[in-house]
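Structure at a glance
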Amino acid sequence: MKLRSRAAFAAMLTTGALVLTGCGASGGAATGDNTAGPTGGTLSIGSLVDVTSFDPAASHVGHYMQYYQPVYDTLIMREPNGDLTPMLATDWEYDETETELTLNLRDDVTFTDGEKFDAEAVKANIDHFKVANGPQASTAASIEAVRVVDEDTAVIELSQPDPAILLYMAASAGFMASPAALDTEGIIGTPVGSGPYILDTESTIAGATYTYAKNPDYWNPDLQKFDEIVIKPMQDVTARVNALVSGQVNAALLDAKTAPQGTGAGLNEITNPVDWQGLFLFDRGGVQAKPLGDVRVRQAINYAIDRQSLLDSLLLGNGEITSQVTGTSSAGYVKKLDERYDFDPKKAKSLLAAAGYPDGFDLTLPVNSADTIINAAIVQQLADVGINATQVVIPSTDYRNEIFTGKYSIGYYGIFQGDPWVAVNHHIGPNAAFNPLKYTDEKSAALIEKIQAGDDDAAKEFTEYITEEAWFAPFYRVNQLYFFDKTVTVENQLQQAVPSIYNYAPTK
Amino acid sequence: MLIFLLRRLVAGILLLFVISTITYVLLYFSSDGIAQNILGEFATPEQIALKQAELGLDQPLPVRYFEWLGGAITGDFGRSWFNSEPVVTALFNRLPVTLTIVLGALVIAAVLAALLGVAAAIKRGWIDRAVQLLSLAGDALPSFVVAIVLVTSLAIQAKIFPATGFVPFSDNPALWLMSIALPITALVFQLVAQAAQQFRSAIIDVRRRDFVRTLRSRGLPEREVVFKHVLRSAAPAALTILSLQFVGLLGGSVIIEQIFALPGVGPLAVLSTTQGDIPVVMGVVVYTVIMVILVNLVVDLVNGWLNPKVRVS
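- Chain B has the name Peptide/nickel transport system permease protein in an unreviewed UniProt entry, where Conyzicola nivalis is given as its organism.
- We quote the UniProt Subcellular location (unreviewed entry) comment for chain B here in full: "Cell membrane".

- In the annotation of an unreviewed UniProt entry, the entry for chain A reads Peptide/nickel transport system substrate-binding protein, and the organism field reads Conyzicola nivalis.

If you want it as structure tokens, here you go:
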């Protein structure tokens, strides 16, 4: 099923459910049936990041979502399982060319400063988002303009079909702030949105504690499961585990080394494979490193890596090995490809010999100064099949930008696994920053075109193609280890580093 | 004294200028990827070019530097490239936290070190050996290890103190004290260890001097000899080590602030450096240099007050 139709179907279902349960009517009583379980109390979360600005145009996704979601509604809601359902937009529809997305909007929503939410507000927000050129501005790159049809109808005009645009409307580009607050100095520290909570600036200490109080006039009390939400930035994992184990926070992300402390303290755990890690074979065209132009050489690299032992020793087994860059939740996922390349140095050597490199060849491996251990292991395993990789250590702050310059033929990296079109634009397709040599070929280009049209079968075929052609040498999907205490329940959020704020509920 | 002060101030300003210039030039050479860092992995080349122009990254070094310097002289350090927060606001919000734990640790360490040092130097015997042993142990234990032991025992198990976080004094003085108790204790350990040794050896050294023997021979009670004369002469050495420790603490507190999730200058310094947020990094550098200059100035003044010879030199 296409993303578009799937979303529309989900939208219809939820709209129906909302009508049936009387959601949207004022007062909490009407929605009581829909709110399974108790409400109230304070939710306290330890976050890996600190919010830097509450301007939606400066917002970011992943870990940052938790800071914005309490105060800003998005146009579309992304459910924990990835389904897209109504939020400020009640339903949406594409035109035939898939370049015009019509959004029908709620007409009963006001921002906390009293301004009304309407189509003009959508236009003002998206215009602001594009002009401000913030960290997620590229997600609105395909948006040419927003047209106001009437008060509760807006049309997003796209320069080309963009199957990811609905997803983006459920993230940074979809956060709606009061038009009166946009472009003001105040919005950096004081968000003005229509979300389920309001930032309590009195109790907030920048960099230490962000306190959100319930928005008394919120249109959907179902999303207000707590009286108060407190988010504490704790970049250091030691701080997070101490705060969690001592009961200062209810939930936080730990890592492989601190996870046993969380388990030992009797906390609950969610594992969520958001990223994959492995080798990018950037020069799959053999422009700089000629041997890499031969598919047998690229496959040999895949056979040379002992994925399981790397996973066990470096991540203490917190993940699952794979040979594909596509995640299990993506429409392009093909299960059997997880085992496409097993650890077989003999086969690697014979492939290298068949490709004309019986004695191996030389390579330069850029090494992120924060990842020296895994790179040492990579060098060793490549050496075992005859590939001599010379390490060039790059400070971790510059590593990504250095590999983007296209100087290197291969490189180790960890990256998220998004939906097919997002992944194509991010690290596979000819325009992706992680394809610095802009490699493409006829077959992949044709498949990418179909993926852009929302064809899920093409997405699967594409995964098979690039795995068989060994454009990458993926090692494993890494588990995010999210821990929480017994006073809350937490639902995992698909493809997101931490759960959305709506996924938490009190147990009593 | 006034000339002495003025000379110190002028030297301080020159130092500030030289260090900030060198830092700016060094940062200039690593500013290529900043626009990409801000805009993330999906950014198009056009967006990156736009951002570079917006931040002035397309300007040559002298233009950028003098623009920054012009602002800095008037107290305007610009805004963070990542969140538009004025650098001065960011620093002023975080400075009280860092200064609280650094100065708190320093004052407590100074008092404890003086007591232990005097006791060890005067009484000698088992007290001296115990202080020596404690100093050795304290010196060998990095503050972050002490921090983790303290958190595990007093916060997680005994649940007396909070494991992380900071409460402003104005919100609740009692909770404020609880929130800074463990971070300060973690820092104090090593400081006392080093300073007590200095106090001890300085006092032993001064007590052997001729003028002390003369004072004793004039029949002055030992208590007066020690507290009025010996301590005064031994103080400069100890003060110097304390001022050096203060400078070290500005760096050392970064780790402690991370472990206790304190909203001090430390996390700001780490984040801005890793991101390449040049205006913030420059703000942190200027703040650090000013602190160092101020502390040295204070130490010079106190030394001058304690010892008239210093004023003359």
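**Here we look at unusual backbone geometry**
Residues and elements named next belong to chain B.
- Even without being a glycine, R124 presents a positive backbone phi close to 50°.
- Relative to the elements of secondary structure, R124 occurs in the loop between helix 5 (87-123) and helix 6 (125-140).
- Unlike most non-glycine residues, A261 shows phi in positive territory, near 50°.
- Secondary-structure assignment places A261 in the loop between helix 10 (222-259) and helix 11 (265-275).
- Among the residues examined, A261 registers 30 C-beta atoms within 10 Å and is labelled buried.

**Let's talk about the nonpolar core**
- Core analysis: the largest hydrophobic core is formed by 224 residues, its most contacted members being V122 and L281 of chain A together with A105, V192 and A195 of chain B.
- When residues of this core are assigned to their parent elements, the largest contribution, 16 residues, is made by helix 8 (residues 173-207) of chain B.
- Beyond its immediate sequence surroundings of up to four residues, A195 of chain B is in contact with A109, A110, A113, A238, I241, L242 and Q245 of chain B.

**Description of helix 14 (residues 456-468) of chain A**
Residues and elements named next belong to chain A.
- In a regular helix each residue adds 1.5 Å, so 13 residues correspond to 18 Å; helix 14 covers 18 Å between its end C-alpha atoms and thus fits that length.
- The complete set of buried residues in helix 14 reads A458, A459, F462, T463, I466 and T467. Across the axial projection of helix 14, the buried residues extend over an arc of 165°, all falling on one side.
- For helix 14, the elements touching its buried residues are helix 12 (420-428) and helix 13 (442-452).
- With its phi angle positive at about 50°, A470 sits one or two positions after the end of helix 14.

About the thresholds
Residues numbered from 1 in each chain as written. Chains lettered and ligands numbered in written order. Predicted model: local features only at pLDDT ≥ 70, side-chain atom pairs only at ≥ 80, totals over all residues. UniProt positions renumbered as here; feature names shortened; annotations may be inferred. Helix = DSSP H or I, 4+ residues; strand = E, 2+ residues; numbered from the N terminus. Buried ≥ 20, exposed ≤ 12 C-beta atoms within 10 Å, placed from the backbone. Core = buried A, V, L, I, M, F, W, Y, C linked by C-beta atoms within 7 Å. Contact = placed C-beta atoms within 7 Å. Expected span 1.5 Å × (residues − 1). Arc of directions from axis to C-beta.

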